[in-house]
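Here's the letter readout for the chains.
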Amino acid sequence: MGIPQHWRRYFHHFTAYGFMLCFAATATGTLFHYVLGWSAPYGFFSLPKLLGTLGGLGLLIGPAGLLYLKLKRDPNTADLEQTGMDIAFIALLWLTGATGLLLMLLRETGLLGLMLVIHLGFVMSLFLTLPYGKFVHGLYRLGALLKNALEQRREEQGAALVSQPRESGVKFYQSIKDNK
């Protein structure tokens, strides 16, 4: 019987929203530091910490679920040449979330500096691999959605222009004729 297909979508959403929340946490922390002059580390109930914690949990749940589904799927449906890269990317996402959460837990210890270097190494690796893996499909998908929306808008405007009779020229000509 297997796992229902909708679980893949759920795990994908955990991953995508987890990443976006982590990005929002980083952006918020940057604003706190450079705009408001508040230095890190921030309290647990601060916006960067809450966003980062929720995002980190999403990056633990989502990639773990996607990896489980990938390992349990029918091998005949897999692209074997891509499997290694897929698993590496999923592991990189998971490790980024895990080290971010560990960073928060170890912030009052002497391991903070080492954990920060490890976490930032995973984050940098994630962004360095952006153009070479599945991570970039989010940008491609956004571009495809924008292009589709523009094409639909043009089609609707074109249909509106075609369906409206061109009376403006006729009315103008008629007004000139009637004024004579």
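See the structure above.
Residues numbered from 1 in each chain as written. Predicted model: local features only at pLDDT ≥ 70, side-chain atom pairs only at ≥ 80, totals over all residues. Heavy atoms only, no water.

Draft legend 1. View of the overall build of the protein chain. Across its full length, the protein chain holds 6 helices and 0 strands. Ordered by position in the sequence, the α and β elements of the protein chain form the string α-α-α-α-α-α. Per-residue burial over the protein chain gives 24% buried out of 180 residues. When contacts within the protein chain are restricted to residue pairs at least 6 apart in sequence, long-range pairs at least 24 apart make up 66% of them. Roughly 13300 Å² of accessible area belongs to the protein chain as shown, and the carbon and sulfur atoms make up 67% of that amount. (Helix = DSSP H or I, 4+ residues; strand = E, 2+ residues; numbered from the N terminus. Buried < 20%, exposed > 50% of the residue type's maximum accessible area, 1.4 Å probe, protein only. Contact = heavy atoms within 4.5 Å. Areas by Shrake-Rupley, 256 points an atom, 1.4 Å probe, with all protein chains shown as cover.)

Draft legend 2. Quick peek at the pattern of salt bridges. Applying the stated criterion across every chain, the model contains 3 salt bridges. Note that aspartate 86 and lysine 70 form a salt bridge whose closest N and O atoms lie 3.2 Å from each other. Of the two residues, aspartate 86 sits in helix α3 (residues 80-105) while lysine 70 sits in helix α2 (residues 47-72), which places them 16 residues apart along the sequence. There is no split in this pair, since aspartate 86 and lysine 70 are both buried. Among the ionic pairs, lysine 147 bridges to glutamate 151, the shortest N-O distance being 3.7 Å. You can see lysine 147 and its partner glutamate 151 sitting in helix α5 (residues 137-163), 4 residues apart, about one turn around the helix. (Salt bridge = Lys/Arg side-chain N within 4 Å of Asp/Glu carboxyl O.)

Draft legend 3. Representation of the nonpolar core within the structure. Counting residues in hydrophobic clusters, the biggest one holds 7 residues: Phe19, Leu59, Phe89, Leu92, Leu93, Leu126 and Phe135. Residue contributions to this core peak at 3 residues, all from α3. The contact partners of phenylalanine 89, leaving out residues within four places of it in the chain, are Leu126, Lys134 and Phe135. (Core = buried A, V, L, I, M, F, W, Y, C linked by side-chain atoms within 4.5 Å.)

Draft legend 4. How the structure looks around the packing of aromatic side chains. Evaluated as defined, the whole model comprises 6 aromatic pairs. An angle of 85° between the planes, with centres 5.4 Å apart, marks the rings of tryptophan 7 and tyrosine 10 as edge-to-face. Of this pair, tryptophan 7 and tyrosine 10 both sit in helix α1 (residues 6-34), 3 residues apart, which is roughly one turn of that helix. Tyrosine 10 gets classed as partly exposed once you look at its relative accessible area, which sits at 37%. An angle of 85° between the planes, with centres 5.5 Å apart, marks the rings of phenylalanine 32 and tyrosine 42 as edge-to-face. One end of the pair, phenylalanine 32, is in helix α1; the other, tyrosine 42, is in the loop between α1 and α2, and 10 residues separate them in sequence. The same class applies to phenylalanine 32 as to tyrosine 42, namely buried. Linked through ring pairs, Trp7, Tyr10 and Phe11 together constitute an aromatic cluster. (Phe/Tyr/Trp six-rings, centres within 6.5 Å; stacked < 30°, edge-to-face > 60°.)

Draft legend 5. Representation of the environment of leucine 112 within the structure. When you line up the elements, leucine 112 lands in helix α4 (residues 112-128). Judged by relative accessible area, which is 33%, leucine 112 ranks as partly exposed. Considered as a pair, leucine 112 and leucine 102 are 10 residues apart in the sequence and their alpha carbons are 9.1 Å apart. Those residues in contact with leucine 112, other than ones at most four positions away along the chain, are Leu103, Leu106 and Arg107.

Without other data, these values stay purely geometric and don't point to any function.
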